[in-house]
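Residue-level listing of the chains:
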Amino acid sequence: MKLGKFVGLALMALTLGLAGQSLAAEPIKIGVYLPLTGQNAFGGQLELEGVQLALKDIPEVLGRPIELVVVDNKSDKVEAANAVKRLVERDKVVALIGTYGSSLAMAGAEVAEKAKVPGVGTSCTSPLVTQGKKYYFRACFIDPYQGAAAATYAYENLGLRKAAVLMDMTNDYAVGLSSFFTRSFKKLGGEVVANLKYSSGDQDFTAQLTEIITKKPDVVFMPAYFAEGAIIMKQARELGATFRLMGADAMDNPDTVKLAGKAAEGFLHTTFPYDAKMPNMSAEAKKFTEAWNKAYPEKETNVNGALGYNCLFLIVDAIKRGNSADPAAITKALAETKNLVTPLGTLTINASHDAEMPVGIIEYKDGKRVYLTEVTPK
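Keep in mind the model is a prediction, meaning the values are calculated, not measured. (Residues numbered from 1 in each chain as written. Predicted model: local features only at pLDDT ≥ 70, side-chain atom pairs only at ≥ 80, totals over all residues. Heavy atoms only, no water.)

## What about the layout of surface pockets?
Here is step 1 of the chain: Roughly 390 Å³ of volume is contained in the largest pocket.
Here is step 2 of the chain: Along the walls of the largest pocket sit 17 residues, with D275, K277, E300, T301 and R369 positioned nearest its centre.
Here is step 3 of the chain: Of all elements in the fold, only helix 9 (256–260) and strand 16 (368–375) reach the threshold of two or more residues within the lining of the largest pocket.
Here is step 4 of the chain: Empty space within the second largest pocket amounts to approximately 180 Å³.
Here is step 5 of the chain: Split into classes, the residues belonging to the lining of the second largest pocket amount to two nonpolar, eight polar and two charged. (1 Å grid on protein atoms, 1.4 Å probe; cavity = no way out; pocket = protein on both sides within 12 Å on 5 of 7 lines; lining within 4 Å. Points joined across faces, edges and corners; volume = space filled by probe spheres on them. Helix = DSSP H or I, 4+ residues; strand = E, 2+ residues; numbered from the N terminus. Nonpolar A, V, L, I, M, F, W, Y, C, P; charged D, E, K, R; others polar.)

## Examining the pattern of salt bridges
Here is step 1 of the chain: This structure, assessed with the given rule, holds 13 salt bridges.
Here is step 2 of the chain: A salt bridge links E89 to K85; the shortest N-O distance between them is 3.0 Å. Of this pair, E89 and K85 both sit in helix 3 (residues 77–89), four residues apart, which is roughly one turn of that helix.
Here is step 3 of the chain: Taking the relative accessible area as the measure of exposure, E89 reaches 45% and is therefore partly exposed.
Here is step 4 of the chain: Relative accessible area serves as the criterion here: at 41%, K85 is assigned to the partly exposed category.
Here is step 5 of the chain: Ionic pairing is found between E363 and K365, a salt bridge with its closest N-O pair at 3.7 Å.
Here is step 6 of the chain: Taking relative accessible area as the criterion, E363 reaches 13% and is therefore assigned buried. (Salt bridge = Lys/Arg side-chain N within 4 Å of Asp/Glu carboxyl O. Buried < 20%, exposed > 50% of the residue type's maximum accessible area, 1.4 Å probe, protein only.)

## Some remarks on empty space enclosed by the protein
Here is step 1 of the chain: Evaluated as defined, the whole model comprises two cavities of 30 Å³ or more.
Here is step 2 of the chain: Within this model, the largest cavity holds a volume of roughly 60 Å³.
Here is step 3 of the chain: Around the largest cavity, the lining residues are Y100, G101, S102, S123, T125, Y173, Y225, D249 and A250.
Here is step 4 of the chain: Along the lines of polarity and charge, the residues of the lining of the largest cavity split into four nonpolar, four polar and one charged.

## Regarding the side chain of R138
Here is step 1 of the chain: Tracing the chain through its elements places R138 in strand 6 (residues 136–138).
Here is step 2 of the chain: Taking relative accessible area as the criterion, R138 reaches 0% and is therefore assigned buried.
Here is step 3 of the chain: Of note is the side chain of R138, whose polar atom sits 2.8 Å from the backbone oxygen of S126.
Here is step 4 of the chain: Among the polar contacts listed, one links the side chain of R138 to the side chain of D354, at a separation of 2.7 Å.
Here is step 5 of the chain: Beyond its immediate chain neighbours, meaning those up to four positions away, R138 contacts V120, G121, C124, T125, S126, P127, V129, T130, I349, H353, D354 and A355. (Polar contact = N/O pair within 3.5 Å; in protein donor to acceptor, adjacent residues only side chain to side chain. Contact = heavy atoms within 4.5 Å.)

Dropping the structure here:
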């Protein structure tokens, strides 16, 4: 063989080898759209920190690095849709994580569905997020289950028989949860004596609370976000209300007790099945807790962080099982997720694309958040 031909073949082989290495090292892009500013920014930031923590634990898959492309959806439905559009069209992500806020997730999911790019919702609990969707999933339970669990705990565990509801009529999350709580509480044999409304951004709830007090309920269910919920708690106690107050997962925030102060005493809310001080913590939950404390020593561990962590965990598991970073393969593998051990317990994605998991109950005692138990609704 002539020397020139040999050298040429050697260079070609080297070039092909380098090209193969380059392709193998090409990052797998996963889009993250969360509310990092606006009304829901606190929850969105916590979930982002959870996603970023997961990336530290699992920086690569199939021999390729994982790259997060993060976009702020600004707590706005239009911005959420635009964020997903940018991520799938410009950034060419193969999967999506997001978002905190069911109405935001619904807007984003519509765009993802048309683009045929799989998405995993963090804490968006409205059933409408995944309803009729082929490409959208979630790492959390849904509001019918959560609302029924709240009603079950109030009726069965606490023995409360008369309830009232105070909800944000402009928020899909609040409207849905209120409906599911009401339906379940009545089915159990309880009475709902009042159903009052307010609008997002309201600061004065005295009129509604005064009317509720006249109805003498044992418990008031208010599926608010933590900032509004804290105001409601304070104003209820200032009016002399003695009924129990109960919320849902959007109240599970480190600032709830800081904002509400003494008014938070005895407050209850549903949550996802993780807490840094929960009894009988699993090995995966311990691993997450230790990793969080090391990465964010100035911040308490929280369930939103765990949910963000779980979303990347789910997607990477799907990529591994499908042996592909192709969106169609990821979608198929996500739908087949069964008995995956995570920081939030053993997780299965059901036929509705929702995660099956128990519902935790939190109570505030002596200024502290206490994880009480887990509930299976009736």
